[in-house]
Amino acid sequence: MEVVLSAIGVITLILVILGMGVWVFAGLAIVALLSLVLIGDVSLDRSGAILSRIIFRAGNSWELAAIPLFILMGELIFRSNISDRLFRGLEPWTRHIPGGILHTNVFGCAMFAAVSGSSAATTATVGKITTNELKVRGYDRDLSIGSLAGAGSLGLLIPPSIVMIVYGVQAEVSITKLFMSGVLPGLLVAALYTGYLMTRALMNPSIAPKEVASTVTKWQSLGLLFPVLLLITIVMGAIYSGIATPSEAAAVGVLATLLLLLAEKQLSIHIFREALMGTLLSSTMVCSILITAALLSTAMGYLHLPAELATYIASLDLSPAWLLLALALFYILLGLFLDGISITVMSLPITLPIVIQAGFDPLWFGVFLVIMVELGQITPPVGFNLFVLQGLTGEKIGRIAKASFPFFILMCIAALLLCIFPEIALWLPNALS
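Residues numbered from 1 in each chain as written. Predicted model: local features only at pLDDT ≥ 70, side-chain atom pairs only at ≥ 80, totals over all residues. Heavy atoms only, no water.

## Remarks on the overall build of the protein
Just so we agree on the cut-off: A run of H or I in DSSP becomes a helix once it reaches four residues, and a run of E becomes a strand once it reaches two; helices and strands are each numbered from the N terminus. Our radius of gyration looks at C-alpha atoms and nothing else; its globule reference is 2.2 Å times the residue count to the power 0.38. Here's how the labels work: a residue is buried when its accessible area is under 20% of the maximum for its type, exposed when over 50%, partly exposed in between, all with a 1.4 Å probe on protein chains only. Contacts were defined at the residue level, with two residues in contact if any of their heavy atoms lie within 4.5 Å.
Along the protein, the regular secondary structure elements total 22 helices and zero strands. What you see for the protein is a C-alpha radius of gyration of 22 Å, in line with the 22 Å of a compact globule of 433 residues. The principal-axis extent of the C-alpha atoms belonging to the protein is close to 70 × 50 × 45 Å. Burial statistics for the protein: of 433 residues in total, 54% are counted as buried. Restricting the contact set of the protein to residue pairs at least 6 apart, pairs at least 24 apart contribute 78%.

Following this line, the structure appears as structure tokens:
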């Protein structure tokens with residue numbers, strides 16, 4: 001019971017400090033220090049010495065280098081016309097499908113996710129084109145917004161993924177294998193979204209006006225998809241062929257993006273400067289949270305909280321199904337208030353030992369965790385994709401959240417299928433290892 005009280009104490013500290021409006025990275029550092037001093041009865045001097053060493057060690061992690069590079073790649077693409085060409089390239093191929101060019105949200109986000117590790121960047125880049133086009137052409141507004149909110153979250157699941165890099169660093173598992181494990185689940189989620197849009201369109205054809213594209217137009221449009229397909233091939237090919245690590249592949253991707261924009265005369269000092277500034281802001285936020293999360297992980301280790309909590313939960317003799325249900329509800333609750341990276345780094349010191357002791361594969365759990373984080377992207381009050389869409393569409397956050405709800409349910413179904421058939425995540429890394 002003592003370990004439960006300690007866990008409750010730590011969670012209370014986190015909720016109180018973050019509830020006061022303290023920045024997440026500062027809140028994590030404060031919670032780590034107070035946990036050692038108040039719960040662990042470690043002196044203030046010793047606590048400071050412990051945490052200072054962890055800050056230096058966490059800040060020197062080579063794997064973190066991939067994060068600002070993938071963010072820079074997404075920022076450069078966001079400021080080019082590649083997203084417009086992506087839409088125009090996909091449009092002729094989706095017109096004949098029930099639901100029409102509503103599917104450009106799903107297909108466009110799935111493709112862009114393969115060159116950007118950010119959900120918000122994926123939603124913003126695809127949405128800046130599709131939201132207005134779908135509105136002008138008379139497509140159902142709620143489906144247009146909801147499908148983009150749901151599909152935008154694929155930026156976290158389809159590799160490369162910043163959240164997967166964060167998980168891989170913390171869980172000490174192969175980031176390359178994590179990337180492989182996200183491919184089929186990402187395609188599964190995209191297929192569920194596409195199936196839902198087709199079903200809605202067949203039930204009510206008025207939500208998607210019929211448009212027809214000629215065969216010539218279809219094949220000509222493939223040229224418009226070339227930039228994205230080229231970047232996907234370069235980045236993923238470098239990783240899966242073993243030529244480059246994920247961090248090195250991120251650098252290769254940035255270089256390829258710069259050369260592509262330069263060749264197409266889209267690169268300017270202004271665009272490059274704006275992309276660097278956006279990358280600096282995002283990377284500083286992500287990396288500061290990661291470093292201070294390492295402080296919290298260390299504090300939890302000194303309190304022996306993860307191991308003892310795992311032992312306590314194991315003594316409850318919960319079935320794997322009940323354990324996963326409890327974890328799913330826990331992560332959905334966190335997703336109401338925190339961003340994906342904060343959820344990952346704050347929860348993992350406690351949940352990962354429990355999951356491993358229960359016999360789950362850490363690679364599989366990484367994918368399960370990412371899907372839980374994706375759910376948080378489309379749930380108010382702190383759903384990042386909802387805020388991005390509010391800025392793009394001008395609609396009220398309540399309407400956007402309501403439009404996103406069917407896709408929230410579909411993602412829950414994907415998580416359930418992943419639990420029933422874990423090979424969805426594990427087959428590809430096992431086959432290619």
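Following the structure, the description resumes.
## Topic: the packing of aromatic side chains
What counts here: Between the rings of Phe, Tyr and Trp (Trp by its six-membered ring), a pair exists once the centres lie within 6.5 Å; its type follows the angle of the planes, with under 30 degrees stacked, over 60 edge-to-face, and the other angles tilted.
Enumeration according to the criterion identifies eight aromatic pairs in this entry. By the ring-pair criterion, three or more aromatic residues cluster together here, those being Tyr167, Phe360, Trp364, Phe365 and Phe368.

## Re helix α8 (residues 141–152)
The periodicity of an α-helix, 3.6 residues per turn, causes residues three or four places apart in sequence to face the same way. For the record, the criterion: Helix span is expected to be 1.5 Å times the residue number reduced by one.
Along its 12 residues, α8 runs 16 Å from first to last C-alpha, staying within 8% of the 16 Å computed at 1.5 Å per residue. Of all 12 residues in α8, 11 are buried; the element is thus mostly enclosed. Taken residue by residue, α8 has Arg141, Leu143, Ser144, Ile145, Gly146, Ser147, Leu148, Ala149, Gly150, Ala151 and Gly152 as its buried positions. For α8, the secondary structure elements touched by its buried residues are α6 (103–113), α7 (119–136), α9 (154–157), α11 (175–203), α20 (384–393) and α21 (397–420).

## Remarks on helix α18 (residues 340–357)
Note the threshold: Bend at a given residue is defined as the angle between two axes, one fitted to the seven residues that end at that position and one fitted to the seven that begin there.
Over its 18 residues, α18 extends 24 Å from the first C-alpha to the last, a length consistent with the 26 Å expected when each residue adds 1.5 Å. Largest kink in α18: about 65 degrees, centred on leucine 348, with the proline proline 349 one to four residues after it. In terms of residue burial, α18 counts as a mostly covered element, since 15 of its 18 residues are buried. Glycine 359, located one to two residues past α18, shows a positive phi value of around 95 degrees.

## Structural notes on unusual backbone geometry
Following proline 159, the chain continues to proline 160 via a peptide bond in cis, the omega torsion being 0 degrees. With a phi close to 60 degrees, glutamate 172 is a non-glycine residue in the positive phi region. Position of glutamate 172 relative to the elements: it lies in the loop between α10 (162–171) and α11. Even without glycine at this site, lysine 265 takes up a positive phi of about 55 degrees. With respect to the helices, strands and loops of the structure, lysine 265 is situated in the loop between α14 (246–263) and α15 (269–302).

## Considering the pattern of salt bridges
Rules: Should a side-chain nitrogen of Lys or Arg be within 4 Å of a carboxyl oxygen of Asp or Glu, the pair is scored as a salt bridge.
For the coordinates displayed, the defined rule picks out 10 salt bridges. A salt bridge links arginine 85 to glutamate 264; its shortest N-O distance comes to 2.6 Å. Placement of arginine 85 in helix α5 (residues 82–94) and of glutamate 264 in the loop between α14 and α15 is noted, with a sequence separation of 179 residues between them. A salt bridge links arginine 137 to glutamate 133; the nearest nitrogen and oxygen atoms lie 3.2 Å apart. Overall, glutamate 133 belongs to the partly exposed group, its relative accessible area being 29%. Connected via shared salt-bridge partners are Glu91, Arg95, Glu133 and Arg137.

## Some points on the environment of alanine 121
Mapping alanine 121 onto the fold places it in helix α7. The class of alanine 121 is partly exposed, set by a relative accessible area of 22%. Look past the residues within four positions of alanine 121 in its chain and what remains in contact with it is Phe112 and Ser116.

## A word on the nonpolar core
Here is a general trend for soluble globular proteins: nonpolar side chains tend to be buried in one another's company. Which entries qualify depends on this criterion: What is meant by a nonpolar core is a set of buried Ala, Val, Leu, Ile, Met, Phe, Trp, Tyr and Cys residues, joined one to another through side-chain atoms within 4.5 Å.
Grouped together as the largest cluster of nonpolar side chains are 131 residues, with contacts concentrated most on Tyr167, Trp364 and Phe365. Ranked by residues supplied to this core, first place goes to helix α19 (residues 362–377) with 11 residues. Every residue in contact with tyrosine 167, bar those within four places of it in the chain, is listed here: Glu172, Val173, Leu178, Thr344, Leu348, Leu352, Pro362, Phe365, Gly366 and Leu369.

## Structural notes on the environment of alanine 256
Take alanine 256: it is sitting in helix α14. Note on alanine 256: relative accessible area 14%, which makes it buried. Distance in space between the C-alpha atoms of alanine 256 and leucine 69 is 12 Å, their sequence separation being 187 residues. Here alanine 256 is in contact with Leu231 and Ile234, once residues within four sequence places are set aside.

## Topic: the packing of α5 against α7
For the record, the criterion: Think of each axis as a best-fit line through the C-alpha atoms, taken over the contacting stretch in the case of a helix, with angles from 0 to 180 degrees between the N-to-C directions. Oblique is the label for any angle not under 35 degrees, not over 145, and not in the 65 to 115 range, which are roughly parallel, roughly antiparallel and roughly perpendicular in turn. In this scheme the crossing of two helices becomes right-handed for a clockwise turn of the near helix relative to the far one and left-handed for an anticlockwise turn of less than a right angle. Charged means Asp, Glu, Lys or Arg here, nonpolar means Ala, Val, Leu, Ile, Met, Phe, Trp, Tyr, Cys or Pro, and polar covers whatever is left, Gly included.
Direction vectors running N to C along α5 and α7 enclose 50 degrees, while the axes themselves pass 8 Å from each other. In terms of orientation, α5 and α7 fall into the oblique class. Both α5 and α7 take part in a crossing whose hand is right-handed. Every residue of α7 that contacts α5 at Ser83, Asp84 and Phe87 is listed here: Thr125, Lys128, Ile129, Thr130 and Glu133. Taken together, the residues of the contact of α5 with α7 sort by class into two nonpolar, three polar and three charged.

## Brief notes about a nonpolar patch on the surface
Applicable threshold: In this analysis, a patch consists of residues with relative accessible area above 30% that form no salt bridge, clustered at 9 Å for like charges and at 5 Å for the nonpolar side chains Val, Leu, Ile, Met, Phe, Trp and Tyr. Each accessible area value is a Shrake-Rupley result obtained with a 1.4 Å probe; residue values ignore everything except the protein chains displayed when judging cover.
Where nonpolar side chains cluster on the molecular surface, the patch consists of Leu316, Leu318, Trp322, Leu325 and Leu329 and spans about 520 Å² of accessible area. Take leucine 316: it is sitting in the loop between α16 (305–315) and α17 (320–335). Its relative accessible area of 45% is what places leucine 316 among the partly exposed residues.

## Here's the deal with the state of the cysteines
To be explicit about the condition: Here, the term disulfide refers to a pair of cysteine sulfur atoms separated by no more than 2.5 Å.
Using the criterion set out here, one finds zero disulfides in the structure. Unpaired in this structure, cysteine 109 has its nearest cysteine sulfur neighbour in cysteine 412, at a distance of 19 Å. Considering cysteine sulfurs only, cysteine 412 is the nearest to cysteine 419, which forms no disulfide, with 11 Å between them. Cysteine 419 sits in the partly exposed class, given a relative accessible area of 28%.

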